[in-house]
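Close look at the chain arrangement
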Amino acid sequence: MKLMIASDIHGSRPCCEALLGCYEKERAGRLMLLGDLLYHGPRNDLPEGYDPKGVIRLLNDHRQELFCVRGNCDAEVDQMVLQFPILADYALLWLEGRTVFATHGHIYNEQSLPPLKEGDVLLHGHTHVLAAREMGGHIYLNPGSVSLPKEGNPRSYMTYEDGVFTIKDLEGGELCSLSIR
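Here's a quick rundown of the structure. (Residues numbered from 1 in each chain as written. Predicted model: local features only at pLDDT ≥ 70, side-chain atom pairs only at ≥ 80, totals over all residues. Heavy atoms only, no water.)

Okay, the sheet that holds strand β9 (residues 156-161) next. On the basis of which strands lie adjacent, the open sheet formed by 6 strands has the order β3-β2-β1-β9-β10-β11 and mixed pairing. Whereas interior strands pair on both sides, the edge strands pair on one side only; in this sheet they are β3 (66-68) and β11 (174-179). For this sheet the average axis-to-axis angle between neighbouring strands, irrespective of direction, equals 20 degrees. Looking at chain direction, strand β1 (residues 3-6) and β9 are connected through 3 bridges and run antiparallel. Directly across from M4, in β9, lies its bridge partner T159. (Pairing = 2+ DSSP bridges. Helix = DSSP H or I, 4+ residues; strand = E, 2+ residues; numbered from the N terminus. Axes fitted to C-alpha atoms, helices over the stretch in contact; angles between N-to-C directions.)

Following this line, the structure appears as structure tokens:
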């Protein structure tokens, strides 16, 4: 199954629409969101097309296809309006014989590692900076941000298929990839 992964929508309806358009074009079986769905937080500027209620409608329409973890800007009140669970701090995936620790990144990250074994994958958003690299015996992946990319990166998302993680811009152009086989 093809998996699509994205993070940090921050309430931008046009960016969420673009992401869901990419999801349909990618023909992925599931969309994993790594937190910060509705709000921009006090450290970020308002994203383009800030419309949390519009994002709620868009995401609820895809509720059967979503897996999510909680970001630092997500709150219990968000769960009251979203029709899919978002309040877990992390999720564990088993891909190609490796454990993938998927989280937002505000608790577990490169500086504060979760319990990882050699070859495991740390997957998180939060920094708004895309990444795909081997690091100290494990693999570090970050899909970047759908709405508020940093460090000159484009708005981006990630796919996983046949042992390869690929980061793409919202136009579908490949930015980088990493195989875990």
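This part covers the packing of aromatic side chains. Aromatic rings considered in pairs are described by the distance between their centres and by the relative angle of their planes. Counted according to the given criterion, the structure contains 4 aromatic pairs. The interplanar angle of 20 degrees and the centroid separation of 4.7 Å between the aromatic rings of Y90 and F101 together place this pair among those described as stacked. A residue pair is termed long-range when its members are at least 10 positions apart, and Y90 in strand β4 (residues 90-95) and F101 in strand β5 (residues 98-103) qualify at 11 residues. Classification of Y90 by relative accessible area gives partly exposed; the value is 42%. Exposure remark for F101: the relative accessible area of 5% places this residue in the buried category. Where Y160 meets F165, the ring centres are 4.7 Å apart and the plane angle is 50 degrees; that geometry is what we call tilted. Accessibility assignment for this pair places Y160 and F165 in one class, buried. (Phe/Tyr/Trp six-rings, centres within 6.5 Å; stacked < 30°, edge-to-face > 60°. Buried < 20%, exposed > 50% of the residue type's maximum accessible area, 1.4 Å probe, protein only.)

Now for the sheet that holds strand β8 (residues 138-142). Strand order in this open sheet of 5 strands is β4-β5-β6-β8-β7, and the pairing throughout is mixed. The two strands at the open ends of the sheet, each matched to only one other strand, are β4 and β7 (131-135). Within this sheet the neighbouring strands show an average axis-to-axis angle of 20 degrees, counted without direction. Across 6 bridges, the pairing between β4 and β5 is antiparallel.

One finds I9, L19, L33, L37 and L59 to be the most contacted residues of the largest nonpolar core, which totals 26 residues. Only β1, α1 (13-26), β2 (30-33), α2 (52-60) and β3 provide two or more residues apiece to this core. Broken down by element, this core gets its largest block of residues, 6 residues, from α1. Residues within four places of L33 in sequence aside, it is in contact with A6, I9, L19, L59, L66, F67, C68 and V69. In this structure, I5, M32, V69 and A102 belong to the second largest nonpolar core, which totals 20 residues. (Core = buried A, V, L, I, M, F, W, Y, C linked by side-chain atoms within 4.5 Å. Contact = heavy atoms within 4.5 Å.)

Next up on the list: the environment of R181. Within the secondary structure, R181 sits in the segment after β11. Among the residues examined, R181 registers a relative accessible area of 64% and is labelled exposed. Separated by 55 residues in sequence, R181 and H126 place their C-alpha atoms 26 Å apart. Each residue touching R181, except ones within four places of it in the same chain, is listed here: E96, D162 and G163. A polar side-chain atom of R181 sits 3.2 Å from a polar atom in the side chain of E96. (Polar contact = N/O pair within 3.5 Å; in protein donor to acceptor, adjacent residues only side chain to side chain.)

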